[in-house]
Amino acid sequence: MSKQYDLLVIDDEPVVLDAVVRVCGAHGVSVDVAPDSHAGLHRLQANRYRLVLCDIMMPDLDGFQLLGRMLTQSPDTPVVMTTGYSTIEHAVRSLSSGAIGYLPKPFTEEELISTVQRGLNFSTMIRAGNLDAACPDHYYALGFISWAKLEETGAALIGAADLFLKTIGTVKEVRLVSPQEEIVQGTTCARIASMTDLLHDVLAPISGKILEINTRLKSDAGILQRDPYGQGWLYRVVPEDIEYEMKQLSVGGLVENKE
Amino acid sequence: MNSKLFRKLGFRLIVVVSITTIVIIGVYSYFSIRTQRAMLLDEVERHANQLSETVRKSTRYGMLVNQREQVHKIINDVGTDPAIHEVRVFNKEGVIIYSSRRENMGHVVDKNAESCYKCHAADRPLERLPDVERTRIFRVHPDSSRILGVIAPIYNEPSCWQGDCHAHSRQQSVLGVLDVTYSLADVDHKIAMSQVELAVFALAAIVAVSLIIIFFVRRWVVVPVDALVAATQQVGSGNLSYRIGEMGDNELGMLARSFNTMTQKLSEARLQLFQSDKMASLGRLAAGVAHELNNPLTGVLTYSSFLLKRANNDPALRSDLEVIVRETTRSREIVKSLLDFARQSVPKKSPANLNQIAERAIAVVEKLPALRGIRIIRQFDESLPEVTVDANQMQQVFTNLLVNAADAIGDKSGTITIGTKLSTLPPYGVARIRKALCPKRHDMMDEECKIDGLPSIRVKSRWNGNEGFIHLDPVYGKRRHEYGYPVPAGKEVEVACPHCGATLIERDVKCPQCGASSFAFEVPPAGKFRACARKDCEWQRWDALEADGKQEYVEVTVSDTGAGIPEEHLGKIFEPFFSTKGQKGTGLGLAVIWGIIDNHNGTIRVQSEVGKGTTFTIRLPLQQR
């Protein structure tokens, strides 16, 4: 008998499963759990889920292999990857392999809820059929999260992806880093607060030194959603290792499943 | 024990050479004694023959005229010579007619007696006796001395049978025999003496030769071989820093040097292996810890932050929960930094003023209790231009060097001087080759063999039929090359790529200093590097660099008046996990510094004198090449 849940959590650590069930349950999200990859795949086949939260490091199957299988098995169910061994490589690989989000452990209640909320919104959009993942030509995207565009001067613009912004809801505020800081691919480069006071992390598509910050976002955060690929850019940076990092990105919004 | 002694190479050599000496000297002595004996006897024989002839001739007249007294007188007189045993004459019947020993006169000599035997052995007596057969050697008693006898047959002559006395008839051919016997006691004594002398000489020679051989075999073979054996045992038991002392220029000396080079390479390789192994296990450990720790932390963090949100109306509980959330978040950062440490970060460079960075490092260090009583002197060049560096990494470098300096000073008072300046240096003696390509584009850099801490350039080389590798000094103009096989000074060698064997020699470009051939390789992106192929010729040329003129460097020096670094540690201080601080340090500090400076294309040098202090000099190129 097929059941319907909002969220499937696949993790070999019972305390993580308990914590997610407890926190999400309190927010009215129905949660099903699977203690290992095979149970997860089995459940995903048997029941209907709107979102999957999946651990990368599990004893029986590598998280990325599992991600690939899940995406083939039920392409309409978005997946968020999580791991205790949180590295840049894991973050970038998760997103470039088709996950819609990456949540490093340990996470706070807010971080979990904002990610789950965004995932559920994503799922709703898929089901409604109004998912337009494509970003314009010559834009390089890190999954569904962010984009980078090379300029003729050698600098690059960084921004948040349209789909990412749409899943947040209405943007209330954009928190950018200070201009002295460096941006590193796969790490948080900006936080976007929604009207529901949830903070969503934008993971940088490329690494580089900040040249310029889009100050217009301070006064007019709405521009981010109105023109995400134009006026709504976040930073202008000097790319650091563009050749290598480009390999992790998809061109023109086409998300290639690397697995 | 004996078999163990005999298994020793030195002992065997000594035994074999000694036996050879004994055999040679023994054979020589044997033949020498034989010859000497024969010569002495010959001499005596000749003498005896002469005497016999003289006696025969001087008694001839007396016998002819039958003046017996006169013959007696002569024979007696001759017989008084102590060397003469007896002079006698016996007639055909064997009756002794005359004798220097009067008591023997009238006796009959047996035909089988030794003096008659020569003629009477055959049934019919010989009538003529050849000269050589006239002598004989015999002993009267077995224990008496030897005697040489000469018989001279007295032949019948016309005057004997024509005389009035008619004592002898014409038919007789031999009338009697003159027998002179000569004592060989003296000669035998001489022979015995010379035998003893020779034996003594031979013995002395054998002993002397053996001693000389023992001495040199010990010196040239046993001692060096023992040292080599001891060294291999040391290395075998894991002591790779063991070095054999200088052994001279012979084959064993070369073996010792190759052995030293080999163990050095081995220890470097082992260190690198050890280092990467350590880093790898550290990475695995960090990953394991992070993973294992982050899962329980997830439980704590989600539950506590969840509770915090629901404790709005209980301020006391709320502040307690805030502590839990804050501290768990801090734990999260600690685990994250552990993970960051496991992965070495890439420098994030931007133009920065090193004076400011140094100032920040001093500000951090000054608060440390270790710097109480230590004065920090700043010698900053205020007009120092900006350099492109990773400011955080540079601050880490300065902080580490300052803390090291403070540690070197210890509890005493002292000063640390930190200075910056702009220095201009010609590329010669400073610029470093980071990449070397053969004509077929093979990279010839050798990360494993370092010269003064920098990866060297490995080339294949040939000289006089011998082949080996040369590790070239990567610093332009320094020429601290390491020859992997013996090449005498001033010889021109073949130079080729170690991967494909393509020659690097440029026949058409001669060394302007000595006229020998030159070799060249590509140093991307800075053109060709040329050098003379003759060992010890100092000509090198890097045209692209010389064209650029002098290079500008920002130089930072950190000097202390501390304990100094002993000579034997100087070469190792930049190696990972080398530490003299025991439990206090990880041994990573200077290795990390070296890595950072190297990533900035810079160099770091250390000069130190025990008891006086240490100076670290960092040079960073102003223009990035």
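Bear in mind that the values here come from a model prediction, so they are computed numbers and not experimental data. (Residues numbered from 1 in each chain as written. Chains lettered and ligands numbered in written order. Predicted model: local features only at pLDDT ≥ 70, side-chain atom pairs only at ≥ 80, totals over all residues.)

## A few points about the overall build of chain A
Logical step 1: Assigned secondary structure in chain A consists of 9 helices and 15 strands.
Logical step 2: A buried classification covers 49% of the 259 residues belonging to chain A. (Helix = DSSP H or I, 4+ residues; strand = E, 2+ residues; numbered from the N terminus. Buried ≥ 20, exposed ≤ 12 C-beta atoms within 10 Å, placed from the backbone.)

## Quick look at the packing of helix α2 (residues 37-46) of chain A against helix α3 (residues 63-73) of chain A
All names here are of chain A.
Logical step 1: With their axes 11 Å apart at the nearest point, α2 and α3 run at an angle of 10° to one another. When the axis of α2 is compared with that of α3, the two are roughly parallel. Taken together, the residues of α3 that come into contact with α2 (itself represented by Ser-37, Gly-40, Leu-41, Leu-44 and Gln-45) are Leu-66, Arg-69, Met-70 and Gln-73.
Logical step 2: Residues belonging to the contact of α2 with α3 are distributed by class as follows: 4 nonpolar, 4 polar and 1 charged. (Axes fitted to C-alpha atoms, helices over the stretch in contact; angles between N-to-C directions. Parallel < 35°, antiparallel > 145°, perpendicular 65-115°, else oblique. Contact = placed C-beta atoms within 7 Å. Nonpolar A, V, L, I, M, F, W, Y, C, P; charged D, E, K, R; others polar.)

## Observations regarding the nonpolar core
Logical step 1: Core analysis: the largest hydrophobic core is formed by 82 residues, its most contacted members being Leu-7, Val-9, Val-20, Val-52, Val-79, Ile-158 and Ala-161 of chain A.
Logical step 2: Residue contributions to this core peak at 6 residues, all from helix α1 (residues 14-26) of chain A.
Logical step 3: Not counting residues up to four positions away in its chain, the partners in contact with Val-9 of chain A are Leu-17, Val-20, Val-31, Val-33 and Leu-53 of chain A.
Logical step 4: In terms of nonpolar packing, the next biggest core, distinct from the first, is built from 33 residues, Ala-358, Val-389, Leu-401 and Val-556 of chain B among them. (Core = buried A, V, L, I, M, F, W, Y, C linked by C-beta atoms within 7 Å.)

## Some thoughts on unusual backbone geometry
Logical step 1: Note the cis peptide between Lys-105 of chain A and Pro-106 of chain A, where omega equals -10°.
Logical step 2: For Pro-106 of chain A, the location among the structural elements is in the loop between β5 (101-104) and α5 (109-128).
Logical step 3: Although it is not a glycine, Asn-464 of chain B adopts a positive phi angle of roughly 55°.
Logical step 4: Tracing the sequence through the fold places Asn-464 of chain B in the loop between β11 (454-463) and β12 (466-472).
Logical step 5: For Asp-536 of chain B, which is not a glycine, the phi torsion comes out positive at approximately 80°.

## Here's the deal with the interface of chain B and chain A
Logical step 1: Facing the 20 residues of chain B at the interface are 20 residues of chain A.
Logical step 2: The set of elements that each furnish at least two residues to the side of chain B that touches chain A consists of α7 (251-310) and α8 (315-342) of chain B.
Logical step 3: Broken down by element, the residue count for the side of chain B that touches chain A peaks at 15 residues, all from α7 of chain B.
Logical step 4: Split by residue class, the side of chain B that touches chain A holds 8 nonpolar, 9 polar and 3 charged.

## Focus on the sheet that holds strand β16 (residues 517-522) of chain B
Residues and elements named next belong to chain B.
Logical step 1: The strand order β15-β16-β17-β18 describes an open sheet built from 4 strands, whose pairing is antiparallel. Sheet topology places β15 (505-510) and β18 (540-542) at the edges, where each strand pairs with a single neighbour. Along the sheet, successive strands turn relative to each other by an average axial angle of 30°, direction set aside.
Logical step 2: In this sheet, β18 lies alongside strand β17 (residues 528-532) in antiparallel orientation, the contact comprising 3 bridges. Directly across from Arg-530, in β18, lies its bridge partner Arg-541. (Pairing = 2+ DSSP bridges.)

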